[in-house]
Amino acid sequence: MGMTDKQFNSYIRLILDVISKALKKMPDSEEKEDLKKLADNLQKTIED
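The rules behind each value
- Position numbers for residues start from 1 in each chain and track the written sequence from start to end.
- Residues qualify for local features only when their pLDDT is at least 70, as the model is predicted, and side-chain atom pairs are given and counted only at 80 or more; totals for whole chains, interfaces and linings, by contrast, use all residues.
- Calculation of side-chain values draws on the structure's entire complement of heavy atoms; hydrogens and water are dropped beforehand.
- We define a salt bridge as a contact between a side-chain nitrogen of Lys or Arg and a carboxyl oxygen of Asp or Glu at a distance within 4 Å.
- Think of it this way: any DSSP run of H or I at least four residues long counts as a helix, any run of E at least two long counts as a strand, and we number them from the N terminus.
- For every residue, the accessible area (1.4 Å probe, protein chains only) is compared with the maximum for its type, and the residue is labelled buried under 20%, exposed over 50%, or partly exposed between those bounds.
- Expected span, for any helix, means 1.5 Å times one less than how many residues it has.
- Note that the arc is computed from the directions linking the helix axis to the C-beta atoms.
- Angular values range over 0 to 180 degrees, each being the angle between N-to-C directions of two axes fitted as lines to C-alpha atoms, with helices fitted over their stretch in contact.
- Each angle is binned into one of four classes, with values under 35 degrees roughly parallel, values over 145 roughly antiparallel, values of 65 to 115 roughly perpendicular, and all other values oblique.
- Put simply, a crossing is left-handed when the front helix is turned counterclockwise from the back one by less than a right angle, and right-handed when it is turned clockwise.
- Two residues form a contact once any of their heavy atoms are found within 4.5 Å.
- Note on residue classes: Ala, Val, Leu, Ile, Met, Phe, Trp, Tyr, Cys and Pro are nonpolar, Asp, Glu, Lys and Arg are charged, and everything else, Gly too, is polar.

## Some words on the pattern of salt bridges
Phase 1 of the analysis: Tallied over the full model, the rule gives three salt bridges.
Phase 2 of the analysis: For the salt bridge of Asp17 with Lys21, the shortest nitrogen-to-oxygen distance reads 3.4 Å. Residue Asp17 and its partner Lys21 are both found in helix 1 (residues 5–25); the two are separated by four residues, about one turn of the helix.
Phase 3 of the analysis: What makes Lys21 partly exposed here is its relative accessible area of 49%.
Phase 4 of the analysis: Glu33 is the partner of Lys36 in a salt bridge, and the nearest nitrogen-oxygen pair spans 3.6 Å. In this pair, Lys36 and Glu33 both sit in helix 2 (residues 30–47), three residues apart, roughly one turn of the helix.
Phase 5 of the analysis: Since its relative accessible area comes to 40%, Glu33 is described here as partly exposed.

See the structure below:
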């Protein structure tokens, strides 16, 4: 059984929320930059 677009976008928003909280706690590093890129790509996914 698949997801509707609305369900998929809700799931992505949940993931973005967790990533945002993690980014606030992380010190600046290469990993933080990678996580920021992931968050940006996920945000673009729900905006399309």
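## Things to note about helix 2
Phase 1 of the analysis: Along its 18 residues, helix 2 runs 26 Å from first to last C-alpha, staying within 8% of the 26 Å computed at 1.5 Å per residue.
Phase 2 of the analysis: Residues Lys32, Ala39, Leu42 and Ile46 constitute the buried set of helix 2. Buried positions in helix 2, seen along its axis, are confined to an arc of 85° and lie on one side of it. The exposed residues of helix 2 that point more than 90 degrees off its buried face are Glu30, Lys37, Lys44 and Glu47.

## Some points on the packing of helix 1 against helix 2
Phase 1 of the analysis: The geometry of helix 1 relative to helix 2 is characterised by a closest axis approach of 10 Å and an angle of 155° between their N-to-C directions. The angle between the axes of helix 1 and helix 2 places the two elements in the roughly antiparallel class. Here helix 1 and helix 2 pass one another in a crossing that is left-handed. Contact residues: Phe8, Asn9, Ile12, Arg13, Ile15, Leu16, Ile19, Ala22 and Leu23 in helix 1; Lys32, Leu35, Lys36, Leu38, Ala39, Leu42, Gln43, Thr45 and Ile46 in helix 2.
Phase 2 of the analysis: Split into classes, the residues belonging to the contact of helix 1 with helix 2 amount to twelve nonpolar, three polar and three charged.

Don't take any of this as a statement about function, it's just geometry.
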